Amino acid sequence: MSQSPPLTGLRVLEFAGLAPGPFAGLLLADWGASVLRIDRAVRGAHTNNSPPPTADLLTRHKSSITVDIKSPSGVALILSLIPNTDVLIDPFRPGVLEKAGLSPEKVLLRLNPRIIVARMTGFRRDGKYASMAGHDVNYLSVSGVLSQLGRAGQTPYPPANLLGDFGGGGLVCFLGIVMAVLQRQKTGMGQVVEANMVDGAAYLGVMPRLGRKTQMWGGERGENLLDGGCPYYDTYECERGGYMAVGALEPQFFAQLLKGLDIEAADLPGPRENRTTWPALRQLFTTRFKSKSRAEWEKIFDDTDACCTPVLTQDELENNGYDQRPIVTLKDSPSKAISEAEADTRPAHEGQGIGVEGSGWESKGLAPGVGGEEVLARWMGWKRGRQYDLVDGGLVRLKAGSKL
């Protein structure tokens, strides 16, 4: 591997927050950026009596400092870092940075016109709900996406926090940062990147939204081809538990599915395209899948084009040695590795370097203050007691020539 990850050399300040902000920071860190998390001041930070790791599990390849942003000397420390920072991730509700004296337009970009300030919110900043608290399910609900998720006749079903926090939130924020970095290469200027989970999730829902007036998505929730309404695009329980996933949409794949299930075309309740036959066809599939174990079905459908696969659990994958890999492979400049291994023996799709403890299956987290002072030394050439010091569990900026 001859090239470093593409974001190597990028310096990122990440204010500690919930899932979407840290996920954007995780992606930056995996792709080579130096990510320094700013945690709240807490007793024991930056000492040998370090507090336990925070609840944030998205800390791979990151370091931490603690700062009280309500303290003028704490804010002064952050402001001193801005001229040497490429990206700042703001996970707060609107107005928090401004109240702390860290307004992106009035302060940060004036200190460093090249800085990219990525602001991650749930609701739109200019919308009806801008000042309200919310969580993933709320952002999906007002984006229109939640109304399309769930079984027919049941309430809309939130897909954990994957579609809002991670897909429409952190991943979209990361994309905005990368685009701003590309633009800066042309103009030399940074800018504010505003991402929110409502718009992000709505954008991810572009296909079902545009398909509402077509046959594919024109039905009610849970009655369409790809949302659980179609019996040959669904999941089925097996004998003694476990599930198989069926995605046999095309005729040739459907024929392979019937062959594996030992069902003759004459046994079907009617043409599969006729939606009036779907309830009976679903019952036929349900009964047939319950007649064998998942392991038996796997033997039947493996290496076929029936589009029928086991629904594997995370525990199964971990216990059977499934290797976690970076989100995408760049053949000449892979990201940092996730799974632990020898640094010089892995292929590009596994990333580069020795990986991290846990191999993508568990995170030890990051204790406030761990590794951050080393980053300050690399970025700024700072040393505790000279340019900064520790007060009440948080780092503060020292004035020139002063000592605490």
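The numbers attached to residues start from 1 for each chain and follow its sequence in the written order. Local features in this predicted model are restricted to residues of pLDDT 70 or higher, and side-chain atom pairs are both shown and tallied only at a pLDDT of 80 or more, whereas totals for entire chains, interfaces and linings draw on every residue. Computation of side-chain values covers all heavy atoms of the structure but excludes hydrogens and water.

Asker: I would appreciate a short explanation of the sheet that holds strand 7 (residues 233-237) in the present structure.
Answerer: Either a parallel or an antiparallel arrangement is found when strands of a sheet pair, and the pairing is made through backbone hydrogen bonds. Should DSSP find at least two bridges between two strands, the strands are taken to pair. A run of H or I in DSSP becomes a helix once it reaches four residues, and a run of E becomes a strand once it reaches two; helices and strands are each numbered from the N terminus. Pairing within the open sheet is antiparallel, and its three strands lie in the order 7-8-9. The outermost strands of the open sheet, each flanked by one partner alone, are strand 7 and strand 9 (308-310). When strand polarity is set aside, the average angle formed by the axes of neighbouring strands in this sheet is 25°. Bridging between strand 8 (residues 243-247) and strand 9 involves three bridges; their strand directions are antiparallel. Bridging across to strand 9, Met-244 finds its partner in Pro-310. Lines fitted to C-alpha atoms define the axes here, with helix axes fitted over just the stretch in contact, and angles between the N-to-C directions of these axes take values from 0 to 180 degrees.

Asker: Sorry if this is basic, but what is going on with unusual backbone geometry here?
Answerer: Among all residues except glycine, the phi angle is most often negative; among peptide bonds, the trans geometry is most common. Unlike most non-glycine residues, Asp-262 shows phi in positive territory, near 60°. In this structure, Asp-262 sits in the loop between helix 9 (251-261) and helix 10 (278-289). In the Ramachandran plot, Cys-307 falls in the positive-phi region, its phi being about 55° despite a non-glycine side chain. Locating Cys-307 in the fold gives a position in the loop between helix 11 (294-301) and strand 9. Relative accessibility thresholds used throughout: buried, under 20% of the residue-type maximum; exposed, over 50%; partly exposed, between the two (1.4 Å probe, protein chains only). Judged by relative accessible area, which is 30%, Cys-307 ranks as partly exposed.

Asker: Sorry if this is basic, but what is going on with the domain arrangement of the protein here?
Answerer: Many structure descriptions define interface size as the accessible area lost when the parts assemble. For the domain bounds, the source is a domain assignment made automatically or taken from a database. Annotation of the protein at the domain level lists domain 1 (11-205 + 371-397) and domain 2 (233-320). Relative to domain 2, the C-alpha centre of domain 1 lies at a distance of 43 Å.

Asker: Can you help me understand helix 4 (residues 104-111) in this one?
Answerer: Taken together, the buried positions of helix 4 are occupied by Pro-104, Leu-108 and Leu-109. End-on view of helix 4: buried residues confined to an arc of 90°, all on one side of the axis. Relative to its buried face, helix 4 has exposed residues pointing more than 90 degrees away, namely Lys-106 and Arg-110. Note on contacts: a residue pair qualifies if any of its non-hydrogen atoms lie within 4.5 Å across the two residues. Where helix 4 is buried, its residues touch helix 2 (72-81), strand 4 (87-90), helix 3 (96-99), strand 5 (116-121) and strand 6 (191-196). The arc in question is the one traced by the directions running from the helix axis out to the C-beta atoms.

Asker: How do you make sense of the pattern of salt bridges when you look at a structure like this?
Answerer: A side chain of one charge can pair with a side chain of the opposite charge if their charged atoms are brought near each other. Within this document, salt bridges are pairs made up of a side-chain nitrogen of Lys or Arg and a carboxyl oxygen of Asp or Glu, the two lying within 4 Å of each other. Considering all chains together, one arrives at 19 salt bridges under this definition. Of the charged contacts, one joins Glu-14 and Lys-62 as a salt bridge, the two residues approaching to 2.7 Å between their closest N and O atoms. Of this pair, Glu-14 sits in strand 1 (residues 11-15) while Lys-62 sits in strand 3 (residues 62-66), and the two are 48 residues apart along the sequence. On the accessibility criterion, Glu-14 (0% relative accessible area) is buried. We classify Lys-62 as buried; its relative accessible area is 8%. Of the charged contacts, one joins Glu-316 and Arg-294 as a salt bridge, the two residues approaching to 2.6 Å between their closest N and O atoms. Taken together, the residues span a long stretch of sequence, with Glu-316 in helix 12 (residues 314-319) and Arg-294 in helix 11 at a distance of 22 residues. Via salt bridges that share partners, Asp-90, Glu-98, Arg-119 and Arg-125 belong to a single interconnected network.

Asker: Could you clarify how one ought to interpret the nonpolar core in this entry?
Answerer: Among soluble globular proteins, nonpolar side chains are generally buried collectively. Side-chain atoms within 4.5 Å are what join buried Ala, Val, Leu, Ile, Met, Phe, Trp, Tyr and Cys residues into a set we call a nonpolar core. Formed by 29 residues in total, the largest nonpolar core has its most connected members in Leu-28 and Ile-177. Looking at this core, the elements that each hand over two or more residues are helix 1 (20-30), strand 4, strand 5, helix 6 (162-187), strand 6 and helix 7 (197-204). The leading source of residues in this core is helix 1, at six residues. Among residues more than four places away in sequence, those in contact with Ile-177 are Leu-28, Val-87, Ile-89, Ile-116, Ala-118 and Val-193. Formed by 26 residues, the second largest nonpolar core is a distinct cluster that contains Ile-65, Phe-92, Leu-109 and Trp-382.

Asker: Quick question: what am I supposed to make of the side chain of Asp-30 here?
Answerer: Looking at the secondary structure, you find Asp-30 in helix 1. Within the structure, Asp-30 has its side chain in polar contact with the side chain of His-61 (distance 3.5 Å). Those residues in contact with Asp-30 that sit more than four places away from it in its chain are Arg-60, His-61, Ser-335 and Lys-336. For the purposes of these results, a polar contact is taken to be a pair of N or O atoms within 3.5 Å, where, inside protein, one atom must be able to donate a hydrogen and its partner to accept one; residues adjacent in sequence count only when each atom of the pair is a side-chain atom.

Asker: Explain the pairing of strand 1 here, please?
Answerer: Here is the key point about a regular strand: its side chains alternate between the two faces of the sheet. Burial analysis of strand 1 places four of its five residues in the buried class, which makes it a mostly covered element. The pairing of strand 1 with strand 2 (residues 34-39) spans five bridges and is classified as parallel. Residue pairing for strand 2: Arg-11 is matched across the bridge by Ser-34. By definition, the crossover connecting two strands over a helix is right-handed if that path, from the first strand to the second, turns clockwise as seen with the strands pointing away from the viewer. Chirality of the crossover, the property in question, places the unit of strand 1, helix 1 and strand 2 among those that are right-handed.

Asker: Honestly, the packing of aromatic side chains in this entry has me stumped. Any pointers?
Answerer: In this description, a pair of aromatic rings is defined by centroid distance and the angle of the planes. Note on aromatic contacts: the rings of Phe and Tyr and the six-membered ring of Trp form a pair at centre separations within 6.5 Å, being stacked when their planes are under 30 degrees apart, edge-to-face when over 60 apart, and tilted otherwise. According to the stated counting rule, one finds 12 aromatic pairs in the structure shown. Arranged with centres 5.3 Å apart and planes meeting at 55°, the rings of Phe-15 and Phe-92 form a pair that is tilted. On the criterion of sequence distance, the pair formed by Phe-15 in strand 1 and Phe-92 in the loop between strand 4 and helix 3 is long-range, its members being 77 residues apart. Take Phe-15 and Phe-92: they sit in the same class, and that class is buried. Counting every residue linked through ring pairs, the aromatic cluster contains Tyr-232, Tyr-236, Phe-254, Trp-278, Phe-285, Phe-289, Trp-297 and Phe-301. To sit over a ring, a charge needs its Lys NZ or Arg CZ within 6 Å of the ring centre and within 35 degrees of the ring normal. Directly above the ring of Tyr-232 sits Arg-272, whose terminal nitrogen or CZ lies 4.7 Å from the centroid.

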